[in-house]
Amino acid sequence: MKYYKKQKIGENLLYVMVWLAILLVPILNSKMMSEVHVSLSNILIAWQQIAPYLFIFIIHNAFIVRYVKRHQYMRYVVVDVLFISAVFYGVDILDSILGDFATPEHLISAKHASFTDLPVYWNIVLGLFMTCANTAIKMMYQSLRDEQAMEELKRQNLQAEMDYLKYQINPHFFMNTLNNIHSLIDIDAAYAQDAVIELSKMMRYVLYESGHEAITLEKDIQFMENYIKLMRIRYTEDVDIRFDYPDLPHDVTIPPLLLIVFVENAFKHGISYSRPSFIHIRVRYIDGKVYYSIINSRHTAEPSGKDAGIGLENVRRRLQLIFANRHTLAIDTRRPNMYRVKLIIPATSHD
């Protein structure tokens, strides 16, 4: 993953910068001692004293710290202490052997550029502190990587759930539409052909447009227009169907297939062949928000709770996933002969 590589690079860059600063200490120390010329030999001697720490860091960072990642903490402590002790006792033995060949002046000058001149046990303590700091930094970066990986997984699961909910609506919707066309075939073949054409337009929208995270409000309204045109074929002129969307901008975008569910629900429960029926739909765009209202006559019991329709329950879930608390959905069922829905959702305009 990209973020994993970036964090790994950042972690390694931090180590490089720290060690470059440490290697510069002897040079800065020589300047502070007011030496006319920086002694290369003194700097090399200081770097020799730093070298065991660098060696310990490289081995620890590459291998020993893996015990912590595997949660083998006791083994990590034992291996870390033994390794650091072996390095510094080995260096101490080597110093005692080579010290016999060094002149007193050489030893005195070396202290001017020394990074540390500590007994073995203090070097072990300092080495343990360094490896613990290395472990803490590595665990911090690992925690950040794990957190980002978890966020990415949540985002993918959220997107998968939204896609599932969105495409679960489509079979339910098209099943009803195909049933409508089937009822027209024996009554009026010409109307049935027109219905198939309208359905093909709708399927084109679902296949090529609804896969996007956002679609223009204009296209979503056209999709509803096609659906309403299909439904008008089925019902008589006595049904009062109004669809009003005055002066909508062309570049406003919303998530696809949200509004159609309420239209479908209105036709399913609000139309009667024997009693006066109406569906009034209005869409407006004001100050970055889409205001959507639909009022329909009520002739059957509206679904609610566990008995809610698939489409309506899915759109509730999608609204919550997409907008959290930034949307408003109000469904008024107080009047026994009328059903009212008001939906307000944020929209994007690309003016």
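Higher on the page you've got the structure.
Heads up: these notes are all about the structure in this document. Since the model is a prediction, treat every value here as computed from it, not as a measurement. In this convention, every chain numbers its residues from 1, walking through the sequence in written order. Restriction of local features to residues with pLDDT of at least 70 applies here, the model being predicted, together with a cutoff of 80 or more for giving and counting side-chain atom pairs; totals for whole chains, interfaces and linings are based on all residues. Hydrogens and water are ignored here; the side-chain numbers use all heavy atoms of the structure.

1. Observations regarding the pattern of salt bridges
Oppositely charged side chains can form a pair if their charged atoms are brought close together.
For step 1, the next point in the chain: Here, a salt bridge means any Lys or Arg side-chain nitrogen found within 4 Å of an Asp or Glu carboxyl oxygen. For the structure shown, the criterion picks out seven salt bridges.
For step 2, the next point in the chain: Across the pair Lys138 and Glu11 runs a salt bridge whose closest N-O atoms are separated by 2.7 Å. Of this pair, Lys138 sits in helix 6 (residues 120-185) while Glu11 sits in helix 1 (residues 2-32), and the two are 127 residues apart along the sequence. Summarising the burial analysis for this pair, Lys138 and Glu11 share the class buried.
For step 3, the next point in the chain: A cluster of three or more residues bridged by salt bridges with shared partners is formed by Glu11, Lys138 and Arg145. Every helix listed is a DSSP run of H or I at least four residues long, and every strand listed is a run of E at least two residues long, numbered separately from the N terminus. Type-normalised accessible area, obtained with a 1.4 Å probe on protein chains alone, sets the label of each residue: buried when under 20%, exposed when over 50%, and partly exposed for intermediate values.

2. Some details on the packing of aromatic side chains
Aromatic ring pairs are defined here through the distance separating the ring centres and the angle between the ring planes.
For step 1, the next point in the chain: Classification of ring pairs rests on two measures: the distance between centres of Phe, Tyr or Trp rings, Trp counted by its six-membered ring, which must be within 6.5 Å, and the angle between planes, read as stacked under 30 degrees, edge-to-face over 60 and tilted in between. According to the stated counting rule, one finds nine aromatic pairs in the structure shown.
For step 2, the next point in the chain: Taken together, a centroid distance of 5.6 Å and an interplanar angle of 55° make the contact between Trp19 and Phe57 tilted. Here the residue Trp19 occupies a position in helix 1, and Phe57 occupies one in helix 2 (residues 40-64), the gap between them amounting to 38 residues.
For step 3, the next point in the chain: On the accessibility criterion, Phe57 (11% relative accessible area) is buried.
For step 4, the next point in the chain: On the numbers, 6.1 Å between centres and 55° between planes, the contact of Phe262 with Tyr292 is tilted.

3. Some thoughts on the environment of Tyr141
For step 1, the next point in the chain: As for its placement among the helices and strands, Tyr141 is situated in helix 6.
For step 2, the next point in the chain: Separated by 131 residues in sequence, Tyr141 and Gly10 place their C-alpha atoms 9.0 Å apart.
For step 3, the next point in the chain: When sequence neighbours within four positions are dropped, the list of residues in contact with Tyr141 reads Gln7, Gly10, Glu11 and Leu14. Residues are treated as being in contact if the distance between any of their heavy atoms lies within 4.5 Å.

4. Let's talk about the pairing of strand 4 (residues 278-286)
For step 1, the next point in the chain: Here, any two strands with at least 2 DSSP bridges between them count as paired. Relative to strand 4, strand 2 (residues 240-244) runs parallel, the two being bridged by five bridges. When the bridges of strand 4 are listed, Asp244 appears paired with Arg282.
For step 2, the next point in the chain: For strand 4 and strand 5 (residues 289-297), the ladder comprises eight bridges, and the chain directions are antiparallel. Counted as the bridge partner of Tyr285 is Val290 from strand 5.
For step 3, the next point in the chain: The turn joining strand 4 and strand 5, which pair antiparallel and follow one another in sequence, is formed by two residues; a positive phi near 50° is taken by Asp287.

5. Considerations on unusual backbone geometry
For step 1, the next point in the chain: The phi dihedral of His71 is positive, around 65°, even though this residue is not glycine.
For step 2, the next point in the chain: Using a relative accessible area of 58% as the deciding quantity, one classes His71 as exposed.
For step 3, the next point in the chain: Residue Leu257 is not a glycine yet carries a positive backbone phi of 60°.
For step 4, the next point in the chain: Note on placement: Leu257 falls in the loop between strand 3 (252-254) and helix 9 (260-270).

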